[in-house]
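Residue-level structure breakdown
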Amino acid sequence: MTTTYCANHPDRETGLRCNNCEKYICAQCAVHTPTGYRCKECVRGRQKVFETATTTDFVVAFVVGALLSGVGAFIAMRIGFFTLFLAPLAGNLIAEAIRRLTGRRRSPRLFRLAAVAVGLGAAPFVLLPLAYILLGGAGIRTLIAVLWPLIYLSLAVSSTYYRLAGIELKR
Ligand SMILES: [Zn+2]
Ligand SMILES: [Zn+2]
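Residues numbered from 1 in each chain as written. Chains lettered and ligands numbered in written order. Predicted model: local features only at pLDDT ≥ 70, side-chain atom pairs only at ≥ 80, totals over all residues. Heavy atoms only, no water.

Notes on the coordination of the zinc ion (ligand 1)
To be explicit about the condition: Metal donors were taken as nitrogen, oxygen and sulfur atoms no farther than 2.8 Å from the ion, or 3.2 Å where the ion is Na, K or Ca. Water is excluded, so coordination may look unfinished. Any residue under 20% of the maximum accessible area for its type is buried, any over 50% is exposed, and the rest in between are partly exposed; the area is computed with a 1.4 Å probe on protein chains only.
Around the zinc ion (ligand 1), the protein supplies Cys18 (SG), Cys21 (SG), Cys39 (SG) and Cys42 (SG) as donor atoms, at distances of 2.2 to 2.4 Å. Coordination of the zinc ion (ligand 1) draws on donor residues from a single chain, spaced C-x2-C-x17-C-x2-C in sequence. Cys42 matches Cys39 in its accessibility class, with the two residues each being buried.

Focus on the nonpolar core
For the record, the criterion: Among buried residues, those of type Ala, Val, Leu, Ile, Met, Phe, Trp, Tyr and Cys that are joined through side-chain atoms within 4.5 Å constitute a nonpolar core. A run of DSSP states H or I qualifies as a helix once it reaches four residues; a run of E qualifies as a strand once it reaches two. Both are numbered from the N-terminal end. Here a residue-residue contact requires only that any non-hydrogen atoms of the pair lie within 4.5 Å.
Core analysis: the largest hydrophobic core is formed by 20 residues, its most contacted members being Ile94, Ile98, Leu110, Phe111, Tyr152 and Leu164. For this core, the secondary structure elements donating two or more residues are α2 (55-79), α3 (83-101), α4 (108-134) and α5 (140-170). Discounting residues that sit within four places of it in the chain, Ile98 has contacts with Ala61, Val64, Gly65 and Ala114.

Some thoughts on the coordination of the zinc ion (ligand 2)
The criterion, for reference: Sites are called tetrahedral only when four donors show all angles between 85 and 135 degrees, square planar or octahedral only when four or six donors show opposite pairs over 155 degrees and all other angles between 65 and 115, and irregular in any remaining case.
At the metal site, the zinc ion (ligand 2) is ligated by Cys6 (SG), His9 (ND1), Cys26 (SG) and Cys29 (SG), and these contacts range over 2.0 to 2.4 Å. Considering all four donor atoms around the zinc ion (ligand 2), the spread of angles at the metal, 102 to 114°, places the coordination shape in the tetrahedral class. Between consecutive donors of the zinc ion (ligand 2), the numbers of intervening residues give the motif C-x2-H-x16-C-x2-C. Look at Cys6 and you get buried, because its relative accessible area is 3%.

Section: the packing of α2 against α4
We apply this condition: Lines fitted to C-alpha atoms define the axes here, with helix axes fitted over just the stretch in contact, and angles between the N-to-C directions of these axes take values from 0 to 180 degrees. Each helix crossing is assigned a hand: it is left-handed if the near helix lies turned anticlockwise from the far helix by less than a right angle, otherwise right-handed if that turn is clockwise.
For the pair α2 and α4, the least separation of the axes is 7 Å and the interaxial angle reads 35°. The two elements α2 and α4 cross, and the hand of that crossing is right-handed. Residues Asp57, Phe58, Ala61, Phe62, Gly65, Ala66, Ser69, Gly70, Ala73, Phe74 and Met77 of α2 lie in contact with α4, whose contacting residues are Arg109, Leu110, Leu113, Ala117, Val118, Leu120, Gly121, Ala122 and Phe125.

Quick look at the domain arrangement of the chain
Size of an interface, as often reported, equals the accessible area lost when the parts are brought together. Let me state the cut-off plainly: As annotated, the domain borders come from an automatic or database domain assignment.
Partitioning the chain into domains gives domain 1 (1-50) and domain 2 (55-170). Distance from the C-alpha centre of domain 1 to the C-alpha centre of domain 2: 41 Å.

Concerning the packing of aromatic side chains
Selection criterion: The pairing test for Phe, Tyr and Trp rings, Trp by its six-membered ring, is centres within 6.5 Å, and the orientation test on the planes gives stacked under 30 degrees, edge-to-face over 60, and tilted for anything in between.
In the structure shown here, the tally under the stated rule is five aromatic pairs. Both rings, one in Tyr161 and one in Tyr162, keep their centres 5.5 Å apart while their planes meet at 75°; by these two values the pair is edge-to-face. Tyr162 sits in the exposed class, given a relative accessible area of 59%.

A short note on the pattern of salt bridges
For the record, the criterion: Put simply, a salt bridge is a Lys or Arg side-chain nitrogen that is within 4 Å of an Asp or Glu carboxyl oxygen.
The full count for this structure, using the stated rule, is five salt bridges. Between Lys23 and Glu41 there is a salt bridge, with its nearest N and O atoms 3.1 Å apart. Residue Lys23 is found in the segment before β1 (30-33), and its partner Glu41 is found in helix α1 (residues 40-50); the two are separated by 18 residues along the sequence. Across the salt bridge formed by Glu96 and Arg100, the nearest N and O atoms sit 3.9 Å from each other. A residue pair is termed a helical-turn pair when its members lie 3 or 4 positions apart in one helix, as Glu96 and Arg100 do in helix α3 at four residues. A single salt-bridge network, built from bridges that share partners, covers Glu96, Arg99, Arg100 and Arg163.

Right, dumping it as C-alpha cells:
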C-alpha cells in the first residue's frame, strides 16, 4: 500500500478523495456536500455551473411558462382523455421553449420557478369551474371538465421540471 497525500498539502497524509475529481484531500480541504466529500475547487465549479441564470431569465421563464401552460390547459379542457398524452408533451415543449429563450442558462431556482409558472398558468382552468361548482351552478359534467385541467396541471408541472432539471443533472 502506498501512502497518499492531500493535493493541496503535500505534507499531509490522507486517504480521503474528492468524489467528483477523485483527487486526494485532507480534512481541512474537504467540503461535506449532500453527495459526499468534495474538494473546494469542485464545489466552487459546481456552483458556477448551477447558477448562470440572469434576472431576465427568471421573468422570461415565468411569463413563457404561465402563458404556454394556460394555452395547454385550455386545450386539455376541450380534448378530455387525450390530456394524458398531451400534458407530458406540453411540459416538454414548455421546458424546451424556456431553455431556448433563456439561452440554456441554468439555475435550480429557475427550474422551480418555471414549474410553478406552469402550475399557475393552468390554475384558472381548474379553479374557475371549481368555484362555479361550489357555488351550486353546475353538476357532475362540470366536475369531469375540471378533472382534465387538473390532470394536465400535475403532469405538465412535473414534466416541465424534470425536463429542465434532468438536462441539468447530466451536465
Ligand atoms: Zn474535486
Ligand atoms: Zn489539504
